[in-house]
Amino acid sequence: MTDLIDDANATAELMTDVALRQHQDRASQHQVWKDGKAYCTECGFAIPPERLAALPGCGRCVGCQQAIEQESRLWR
Ligand SMILES: [Zn+2]
């Protein structure tokens, strides 16, 4: 019985890992890079390296991300 639960946990962990990686891959396809810098896909300003380090694959600056999140919250 324990083996069954271990197997289920391992499978769930693997699926989470795969989903996370797919999400990161998709997100990084929406990044705009030029001369070694990433630029926001919304406003075109450079994304600070600290933000990229914290959120690898992010394609928007903080301001644009917040605006989009607020907008989506309004429409819920
Ligand atoms: Zn922006």
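All values reported here derive from a predicted model rather than from experimental measurement. Residue numbering note: each chain is counted from 1, following its sequence as written. It should be noted that, the model being predicted, local features are given only for residues of pLDDT at least 70 and side-chain atom pairs only at 80 or more, the latter also being counted only at that level, while totals for whole chains, interfaces and linings use all residues. Calculated side-chain values reflect all of the structure's heavy atoms, with hydrogen atoms and water omitted.

1. What to know about the overall build of the chain
Inference 1: For the chain, the helix and strand inventory stands at three helices and two strands.
Inference 2: Order of helices (α) and strands (β) in the chain, N terminus to C terminus: α-β-β-α-α.
Inference 3: Taken across its 76 residues, the chain has 14% of its residues classed as buried.
Inference 4: In this description, contact between two residues means that some pair of their heavy atoms is separated by no more than 4.5 Å. For the chain, the proportion of contacts with a sequence separation of at least 24, taken over those separated by at least 6, is 18%.
Inference 5: Note on areas: these come from Shrake-Rupley sampling with a 1.4 Å probe, and a residue is covered only by the protein chains present in the view. Entry remark: accessible area of the chain is about 6,400 Å², with carbon and sulfur atoms responsible for 57%. Think of it this way: any DSSP run of H or I at least four residues long counts as a helix, any run of E at least two long counts as a strand, and we number them from the N terminus. Here the term buried applies to any residue with accessible area under 20% of the maximum for its type, exposed to any over 50%, and partly exposed to those in between, with areas from a 1.4 Å probe on protein chains only.

2. Details of the pattern of salt bridges
Inference 1: Think of a salt bridge as a Lys or Arg side-chain nitrogen and an Asp or Glu carboxyl oxygen that are within 4 Å of each other. Tallied over the entire structure, the rule returns one salt bridge.
Inference 2: In this structure, Glu42 engages Arg60 in a salt bridge whose closest nitrogen and oxygen atoms are separated by 3.3 Å. Here Glu42, found in the loop between β2 (37-39) and α2 (49-54), pairs with Arg60, found in the loop between α2 and α3 (62-74); they are 18 residues apart in sequence, far enough to count as distant.
Inference 3: Relative accessible area serves as the criterion here: at 27%, Arg60 is assigned to the partly exposed category.

3. Looking at the coordination of the zinc ion
Inference 1: The coordination sphere of the zinc ion contains the protein donors Cys40 (SG), Cys43 (SG), Cys61 (SG) and Cys64 (SG), at a distance range of 2.3 to 2.4 Å.
Inference 2: In this structure, the zinc ion is surrounded by four donor atoms whose angles at the metal cover 104 to 118 degrees, and the resulting shape is tetrahedral.
Inference 3: Each metal's donors are the N, O and S atoms found within 2.8 Å of it, except that Na, K and Ca use a 3.2 Å limit; water is left out, so coordination can look incomplete. All donors of the zinc ion come from a single chain, and their spacing in sequence reads C-x2-C-x17-C-x2-C. Residue Cys43 is found in the loop between β2 and α2, and its partner Cys61 is found in the loop between α2 and α3; the two are separated by 18 residues along the sequence. Only two sets of limits are used to name each site, 85 to 135 degrees for every angle of a tetrahedral four-donor site, and over 155 degrees for opposite donors with all other angles from 65 to 115 for a square planar four-donor or octahedral six-donor site, with any other site named irregular.

Purely spatial values, then, with no claim about function.
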